[in-house]
Amino acid sequence: MAKYTTLEQIDLPAVADNYGLDDPQLAPLSGGAANSSFRLSTASTEFVLTILDNHDTASAESLAAHTQALFLLGVPTSAVVPATDGSLITHFDGRPVILKVWTEGRVEQPLPVKLLPEAGRILAQLHALSTQSPGLTDIPVGTRRLSADHEALIPELPDREFAAWLTDRLSRIHRAEATSHRPRTVTHGDLFDDNIIVRTDGSLTVLDWETISLDDPLLDLGMTAVGLAQEDGELAPERVKALVAGYEQIAPLSEEDVAALPGEITHAALIIAFHRYYRHHVRFPDPSQATYHLEMIRFVESVEGAFQVLG
């Protein structure tokens, strides 16, 4: 696992010099499952300083460039602050660093139902961007999906019952998707409530573009439903209806899309189930998270019932 950076390890004078800041002050931020983030304050401005512990220079540069491109294209996200030499990342102790403008607001978990239409609109806005937009032409393809290598691991997972369930469900999804011809769009891949800031005026700012890729927009909507439309571990009809209603204000769904959406929500949940199991049982065994993947089994079983309610 990554060795995360602590507040005491940061050379604040060097950061100040890299970004031309006067007398900055630093405080830790909670959260950040993959990196170390801190609130950096000057007399006039607030920033978020992130040490990209899990990135090399190339991937950090891509993340910063994609984030800045999305901001400049009007997606509500945080602007990247260039260093004094114009670069979008710097380095600390061999690790890439990114500085972004602070967004005043809070994370609300779960995101209130009244805000779900706005989340849907932002997702549709993202999907509507041209894949040839400046700064987005090098986005990878399909990285949120399970790769062939991932799927090859499933039959050998220690929990054979879970492996069989996952294999069966993925086979159904692959058969259903075989005839899909939806064009690939820019997708977020992880639009969960911990990646959304509710600003003081009630608007939303989307964070964390590490899983950006070109992919099926309906799978991305499905992943967002997993992240935002759950209630007590199940897909909540009222929440998914509000999310989709907002999405359709920008990008109306065809009858075929509406029919395929439950399958794409299921597909997203299967992706999460695999990664939870593989992480907590194989890569970094953690008994405290040993049943985390089972939550997705219950969620998947709830999807059909939720759509029956929706009609």
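Since we're looking at a predicted model, the values are computed, not measured.

Novice: Can you help me understand the nonpolar core in this one?
Specialist: For soluble globular proteins, the rule of thumb is that nonpolar side chains tend to be buried together. L111, L221, V226, L235 and I265 are the most contacted members of the largest nonpolar core, which has 72 residues in total. No other element matches the 10 residues that helix 8 (residues 255-283) contributes to this core. Apart from residues no more than four positions distant in its own chain, L235 is found in contact with A225, A229, V240, I265, F299, S302, V303, A306 and F307. Ranked by size, the runner-up nonpolar core spans 16 residues in total, among them A16, L26, L49 and L99.

Novice: Looking at this structure, how should I read the pattern of salt bridges?
Specialist: When their charged atoms lie close together, side chains carrying opposite charge are able to pair. Tallied over the full model, the rule gives 16 salt bridges. Its salt-bridge partner being R121, residue E118 comes within 3.0 Å of it at the nearest N-O pair. Note that E118 and R121 are positioned in helix 3 (residues 116-127) at a spacing of three residues, about one turn of the helix. For E118, a relative accessible area of 26% corresponds to the partly exposed category. E295 is the partner of R276 in a salt bridge, and the nearest nitrogen-oxygen pair spans 3.4 Å. Of this pair, R276 sits in helix 8 while E295 sits in helix 9 (residues 294-310), and the two are 19 residues apart along the sequence.

Novice: When you look at the layout of surface pockets in this model, what are you seeing that I'm missing?
Specialist: The rolling of a water-molecule-sized probe over the atoms marks out the regions of remaining empty space. Space inside the second largest pocket adds up to approximately 250 Å³. Contributing to the lining of the second largest pocket are V240, K241, V244, E248, L253, V258, A259, L261, P262, F307, L310 and G311. Those elements that place two or more of their residues in the lining of the second largest pocket are helix 7 (237-250), helix 8 and helix 9. When grouped by side-chain class, the residues that make up the lining of the second largest pocket number nine nonpolar, one polar and two charged.

Novice: Looking at this model, I keep getting lost on the packing of helix 3 against helix 7. Mind explaining?
Specialist: Any two packed helices are characterised by the angle at which their axes cross and by the distance between the axes. One way to put it is that helix 3 packs onto helix 7 with a least axis distance of 7 Å and a crossing angle of 40 degrees. The orientation of helix 3 with respect to helix 7, classified from their angle, is oblique. Classified by chirality, the crossing of helix 7 by helix 3 is right-handed. Between helix 3, through L116, P117, A119, G120, R121, L123, A124, Q125 and H127, and helix 7, the contact on the second element is made entirely by R239, A242, L243, G246, Y247, Q249 and I250. Tallied by class, residues from the contact of helix 3 with helix 7 come to nine nonpolar, five polar and two charged.

Novice: Whenever I open this one, the packing of aromatic side chains confuses me. Can you help?
Specialist: Here the distance between the centres and the angle between the planes together describe a pair of aromatic rings. On inspection of all chains with the given rule, the structure shows three aromatic pairs. An aromatic cluster is built from F162, W165 and Y277, whose rings are joined through pairwise contacts. The lysine or arginine in question, R39, covers the ring of W102, its NZ or CZ lying 3.9 Å from the ring centre. Just above the ring of Y292 sits the side chain of R276; from NZ or CZ to the centre is 3.8 Å.

Novice: What is the right way to look at the sheet that holds strand 2 (residues 36-41) in this model?
Specialist: What links the strands of a sheet is backbone hydrogen bonding, and the strands pair in either a parallel or an antiparallel sense. In spatial order, the strands read 1-2-3-5-4; together these five strands make up an open sheet with antiparallel pairing. For this open sheet the edge positions go to strand 1 (25-28) and strand 4 (90-92), each flanked by a neighbour on one side alone. The average angle at which neighbouring strand axes cross in this sheet is 35 degrees, direction not considered. Two elements, strand 4 and strand 5 (residues 95-101), share three bridges in a ladder whose sense is antiparallel. What sits directly across from T90, in strand 5, is V97.

About the thresholds
Residues numbered from 1 in each chain as written. Predicted model: local features only at pLDDT ≥ 70, side-chain atom pairs only at ≥ 80, totals over all residues. Heavy atoms only, no water. Core = buried A, V, L, I, M, F, W, Y, C linked by side-chain atoms within 4.5 Å. Buried < 20%, exposed > 50% of the residue type's maximum accessible area, 1.4 Å probe, protein only. Helix = DSSP H or I, 4+ residues; strand = E, 2+ residues; numbered from the N terminus. Contact = heavy atoms within 4.5 Å. Salt bridge = Lys/Arg side-chain N within 4 Å of Asp/Glu carboxyl O. 1 Å grid on protein atoms, 1.4 Å probe; cavity = no way out; pocket = protein on both sides within 12 Å on 5 of 7 lines; lining within 4 Å. Points joined across faces, edges and corners; volume = space filled by probe spheres on them. Nonpolar A, V, L, I, M, F, W, Y, C, P; charged D, E, K, R; others polar. Axes fitted to C-alpha atoms, helices over the stretch in contact; angles between N-to-C directions. Parallel < 35°, antiparallel > 145°, perpendicular 65-115°, else oblique. Left-handed = near helix turned anticlockwise from the far one by under 90°. Phe/Tyr/Trp six-rings, centres within 6.5 Å; stacked < 30°, edge-to-face > 60°. Lys NZ or Arg CZ within 6 Å of the ring centre and 35° of its normal. Pairing = 2+ DSSP bridges.

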